[in-house]
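# Coordinates in review
Residue strings, one per chain:
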Amino acid sequence: MSRGDMAKPLLGHGSTEGDPGVTPASGRTIGVLGSGDFARSLAIRLVCSGFKVVVGSRNPKRKASLFPSAAEVTFQAEAVKKTDIIFVAVFREHYSTLCDLADVLVGKILVDVSNNTEINHHKESNAEYLASLFPACTVVKGFNVVSAWTLQSGARDGNKQVLICSNNQEAKRIVSEIAQVMGFTPVDMGCMASACEIENIPLRLLPAWKIPIFLALGLFLCFFTYNLIRQVIHPFIREQKNKLYKIPIEVVNTTLPCVSYVMLSLVYLPGVLAACSQLYYGTKYRRFPDWLDQWLQHRKQIGLLSFFCAALHAVYSLCLPMRRSHRYLLIETAVKQAVEKKMNIWVEEEVWRMEIYISVGIIALGLLSLLAITSLPSIANSLNWREFSFIQSSLGFIALVVSTLHTLTYGWSRAFDENQYKFYLPPTYTLTLLVPCTVIIAKVIFSLPCIRHRLLRIRRGWEKGRYVKFVLPRATGEYSSGETSSNV
Ligand code: NAP
């Protein structure tokens, strides 16, 4: 990002005007200790937000040219004397080297922006450690979840939230105001005891994705083994044919849609189970078991992985005709046909099956893409609740039905052909149909007027055994889907 871009403040200097609770940014001097990547980005953003900035460095002459001319770069002690609020943009290992400044730091607010390299690396958080080194200062933890890059590019492109905690309410309020003026959204995380949790946040690796990824890998492994037995091991044992070449593309390509299809049904199954529980107990105020709660919370990730597998399946399928093995088999069939003097091998039923199978598959992929795109926060935030619910719930269910048609047209009559039962194992597609068909049947049952009405009443607060005069809203469509209320 160019300096020119940075020169544009995210919020006008007067953005806090008229709000008696917020001190105007312009005029306030903020100190920054350190002259590294974070200090530099922070100083630039502070200057652009209307603050006076004074940077404290061990070597100000060498570092001054790296900072905007509006920021003053001086020795650490000089910088600290000029301000009451100081961002400590120094690594924890070097905090002790700041102890010489203890006298000039008395009574000042220190903002600890540091992160660790490992989760729970130290006994106490970095902020608590800083507070123990400088007991005469007030320490506030904050800004560590924001990267130097986000500071540079502005809150427009990166994460907008800044998590803040401190034992001193006033200091926390002042730092929150600074964050707000810089264009960030301060989030009060309470007292200093939360610092450890805040410091762990940037170190977590996809916490919400662990269970869905293991689920996808588990399903992939099961279906891959099943397909390997049917497509490679069976012909080898029964006919001594070497079909190992099928493993990289064909076996993988028959496994991916199975995973995608089952994962898609697993997005909707917890909703069905939750509805069953609500119908059974006749209330929405009974807690779901923890495993169901967890499952409900991971539906977005499960759905995105389903889309990922479906997209890979589409690419693999497009590549099938490029393979040498495919060309050989095609030529072999043509030669056989010539030898047997067959002029016409057109099978009308097969032609239609294939046309429908591919068309339905493309529609299913299109719907899954729509679901995936609308689950992205920036798109989801632009939709109102009804639009989001319509796409995720109604269109999602249609995607499941269309995927089922895709699977059925793929399988066609194979389930009734005994040659398809390799080692007595049924064709893979019949196994994949189990969960999705259960979900579809359950959804159809829930849409029956008597059950739908009862479910809607429960989700509006009605409880079995408690008489409450109850009137449902008239056909507003507000609760048109079985899953649109009570976070289910
Ligand atoms: P950096 O580029 O290595 O800068 C660290 C600065 O610390 C140096 O430029 C140095 O400035 C100063 N310092 C003071 N005493 C020091 C000493 N004894 N030895 C070495 N350096 C000393 O690191 P950074 O990326 O800016 O990170 C600074 C802090 O911000 C860290 O605590 C980090 O966890 C946190 N943070 C960084 C990011 C990021 O995206 N970079 C994001 C969130 C949080 P002088 O030589 O001028 O004194």
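The shown structure was predicted, so the numbers you read here are calculated from the model rather than taken from an experiment.

### Structural notes on the overall build of the chain
Of the regular secondary structure elements, the chain holds 20 helices and eight strands. Across the 488 residues of the chain, 43% fall into the buried class. In the chain, once contacts between residues fewer than 6 apart in sequence are set aside, the share between residues at least 24 apart is 72%. Total accessible area on the chain stands at roughly 26600 Å², and carbon and sulfur atoms take up 62% of it.

### Focus: the site of the ligand
Residues in contact with the ligand amount to 20 residues; listed here are only the nearest, Ser-35, Phe-38, Ser-57, Asn-115 and Ala-148. Asp-37 places a main-chain nitrogen or oxygen 3.1 Å from an oxygen atom of the ligand. Residue Ala-148 places a main-chain N or O atom 2.9 Å away from an oxygen atom belonging to the ligand. Isolated, the ligand exposes 880 Å² of accessible area, and the fraction of that covered by the protein chains is 81%. Across the shell around the ligand, the residue classes tally to seven nonpolar, 10 polar and three charged.

### Things to note about the side chain of Arg-299
Tracing the sequence through the fold places Arg-299 in helix α13 (residues 299–319). A polar side-chain atom of Arg-299 sits 3.0 Å from the main-chain carbonyl oxygen of Leu-296.

### Let's talk about the confidence of the model for the chain
Overall, the predicted model of the chain reaches an average pLDDT of 89, with 89% of residues at or above 70. Low pLDDT, under 50, characterises residues 1–24; the predicted model gives this stretch 37 contacts beyond four residues in sequence or across chains. Scored below 50 in pLDDT, residues 474–488 shows 37 contacts in the model against residues more than four places distant or in partner chains.

### What to know about the environment of Thr-374
Along the chain, the position of Thr-374 falls in helix α15 (residues 348–374). Taking the C-alpha atoms as reference points, Thr-374 and Ile-391, separated by 17 residues in sequence, lie 7.7 Å from one another. If near-sequence neighbours (up to four positions away) are discounted, Thr-374 is found in contact with Ile-379, Ala-380, Leu-383, Phe-388, Ile-391 and Gln-392. One polar contact links the side chain of Thr-374 to the main-chain carbonyl oxygen of Leu-371, over a distance of 3.1 Å. Side chain to side chain, Thr-374 and Gln-392 meet in a polar contact 2.9 Å long.

### Points about the sheet that holds strand β3 (residues 72–75)
Read from one edge to the other, the open sheet built from eight strands follows the order β3-β2-β1-β4-β5-β6-β7-β8, with strand pairing classed as mixed. The open sheet terminates on both sides in strands that have one partner only, identified here as β3 and β8 (185–188). Direction aside, neighbouring strands of the sheet carry axes that sit 30 degrees apart on average. The pairing of strand β1 (residues 29–33) with strand β4 (residues 85–88) spans four bridges and is parallel.

### Details of the packing of α15 against helix α17 (residues 385–411)
Look at α15 against α17: their axes get within 8 Å of each other, and the N-to-C directions meet at 155 degrees. Here α17 runs roughly antiparallel to α15, going by the angle between their axes. Regarding α15 and α17, the two cross each other, and that crossing is left-handed. A per-class count over the contact of α15 with α17 returns 16 nonpolar, seven polar and one charged.

Cut-off values and rules
- The residue count restarts for each chain, going from 1 along the sequence in the order it is written.
- Confidence filtering applies because this is a predicted model: local features only for residues at pLDDT of at least 70, side-chain atom pairs given and counted only at 80 or more, and all residues used for totals across whole chains, interfaces and linings.
- The basis for every side-chain value is the complete set of heavy atoms in the structure, and neither hydrogens nor water enter the calculation.
- Think of it this way: any DSSP run of H or I at least four residues long counts as a helix, any run of E at least two long counts as a strand, and we number them from the N terminus.
- Three labels apply to residues, based on accessible area from a 1.4 Å probe with only protein chains included: buried if under 20% of the type maximum, exposed if over 50%, partly exposed otherwise in between.
- Whether two residues touch is decided by their heavy atoms; if any such pair falls within 4.5 Å, the residues are in contact.
- Only the protein chains shown count as cover for residues, and all accessible areas are computed by the Shrake-Rupley method using a 1.4 Å probe.
- Proximity criterion: a residue is near a molecule or strand once any of its heavy atoms comes within 4 Å of it.
- Residues adjacent in sequence count toward polar contacts only when both atoms are side-chain atoms; beyond that, a polar contact is any pair of N or O atoms within 3.5 Å, and within protein one must be able to donate a hydrogen and the other to accept it.
- All residues other than Ala, Val, Leu, Ile, Met, Phe, Trp, Tyr, Cys, Pro, Asp, Glu, Lys and Arg, Gly among them, are scored as polar; the first ten of these are nonpolar and the last four charged.
- On a range of 0 to 100, pLDDT expresses the predictor's confidence in each residue.
- At least two DSSP bridges between two strands are required for those strands to pair.
- For helices, the fitted axis covers only the stretch in contact; all axes are lines through C-alpha atoms, and the angles between them, taken along N-to-C directions, range from 0 to 180 degrees.
- For this classification, under 35 degrees means roughly parallel, over 145 means roughly antiparallel, 65 to 115 means roughly perpendicular, and everything else is oblique.
- Each crossing gets its handedness from the near helix: less than a right angle anticlockwise from the far helix is left-handed, clockwise is right-handed.

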